[in-house]
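Okay, here's what each chain looks like letter by letter:
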Amino acid sequence: QVQLVESGGGLVQAGDSLRLSCAASGRTFRTMAWFRQAPGKEREFVAAIYWTATSTTSYADSVKGRFTISRDNVKTMALQMNSLKPEDTAVYFCAAGNSWGASRRIDDYGYWGQGTQVTVSS
């Protein structure tokens, strides 16, 4: 049984940092990603990482330069979030799939975690 479990969310102030983690069990995946969903909005892409020798990554423009995605191994992933802004407030979801590349497309991910809340106060 495949399971993705996120951890590390919380309440912080603008300018602070948080580190989210995701652990996968049951199988391995070529690509893992983070998406987020704010109240009343659609789920949106945040960052993705494709597991190769060079670990190809991609980022949403809104987080580029502030967030860093990484993979410790084929089953664990992290998102380091620095210089957080109130507009980063959302539920963050870990996702996994087998696309060839660090895909931004939500349809390329067939496995999802339950989500972890990140709240950034101004």
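In this report, we go over the structure that sits alongside the text. (Residues numbered from 1 in each chain as written. Predicted model: local features only at pLDDT ≥ 70, side-chain atom pairs only at ≥ 80, totals over all residues. Heavy atoms only, no water.)

### A closer look at the pairing of strand E3 (residues 18-25)
Part 1: Of the two faces of E3, only the one carrying Leu 18, Leu 20, Cys 22 and Ala 24 is buried; Arg 19, Ser 21, Ala 23 and Ser 25 on the other face are not.
Part 2: Two strands pair when backbone bridges link them, and strand E1 (residues 3-7) and E3 are joined in this way by five bridges, in the antiparallel orientation. Its bridge partner lying in E3, Leu 4 is registered against Ala 24.
Part 3: Strand direction decides the pairing type here: E3 and strand E8 (residues 76-81), joined by six bridges, are antiparallel. Paired with Ala 23 across the bridge in E8 is Thr 76. (Buried < 20%, exposed > 50% of the residue type's maximum accessible area, 1.4 Å probe, protein only. Helix = DSSP H or I, 4+ residues; strand = E, 2+ residues; numbered from the N terminus. Pairing = 2+ DSSP bridges.)

### Considerations on the sheet that holds E1
Part 1: Here we have four strands laid out as an open sheet, ordered E1-E3-E8-E7, and antiparallel in their pairing. Looking at which strands have only one partner, the edges of the open sheet turn out to be E1 and strand E7 (67-73). Within the sheet, the average angular offset between the axes of one strand and its neighbour, ignoring direction, is 15°. (Axes fitted to C-alpha atoms, helices over the stretch in contact; angles between N-to-C directions.)

### Details of the packing of aromatic side chains
Part 1: The final tally for this structure, using the stated rule, is four aromatic pairs.
Part 2: Relative to Tyr 111, the ring of Phe 29 lies with its centre 5.2 Å away and its plane at 55°, an arrangement referred to as tilted. Of the two residues, Phe 29 sits in the loop between E3 and strand E4 (31-37) while Tyr 111 sits in strand E10 (residues 111-112), which places them 82 residues apart along the sequence.
Part 3: Residue classification places Tyr 111 among the partly exposed positions, given a relative accessible area of 32%.
Part 4: On the numbers, 5.5 Å between centres and 70° between planes, the contact of Phe 35 with Tyr 109 is edge-to-face. (Phe/Tyr/Trp six-rings, centres within 6.5 Å; stacked < 30°, edge-to-face > 60°.)

### A short note on the side chain of Arg 66
Part 1: Among the structural elements, Arg 66 can be located in the loop between strand E6 (56-59) and E7.
Part 2: Among the residues examined, Arg 66 registers a relative accessible area of 10% and is labelled buried.
Part 3: Among the polar contacts made by the side chain of Arg 66, one reaches the main-chain carbonyl oxygen of Ser 83 at a distance of 2.9 Å.
Part 4: Aside from chain neighbours lying at most four places away, what touches Arg 66 is Gln 80, Met 81, Asn 82, Ser 83, Leu 84, Lys 85 and Asp 88. (Polar contact = N/O pair within 3.5 Å; in protein donor to acceptor, adjacent residues only side chain to side chain. Contact = heavy atoms within 4.5 Å.)

### Notes on the pattern of salt bridges
Part 1: Summed over the entire model, instances satisfying the criterion amount to five salt bridges.
Part 2: Linking Asp 61 and Lys 64 is a salt bridge whose minimum nitrogen-to-oxygen distance equals 3.4 Å.
Part 3: Classification of Asp 61 as exposed rests on a relative accessible area of 64%.
Part 4: Within the structure, one salt-bridge network assembled from shared partners comprises Arg 36, Glu 44, Arg 66 and Asp 88. (Salt bridge = Lys/Arg side-chain N within 4 Å of Asp/Glu carboxyl O.)

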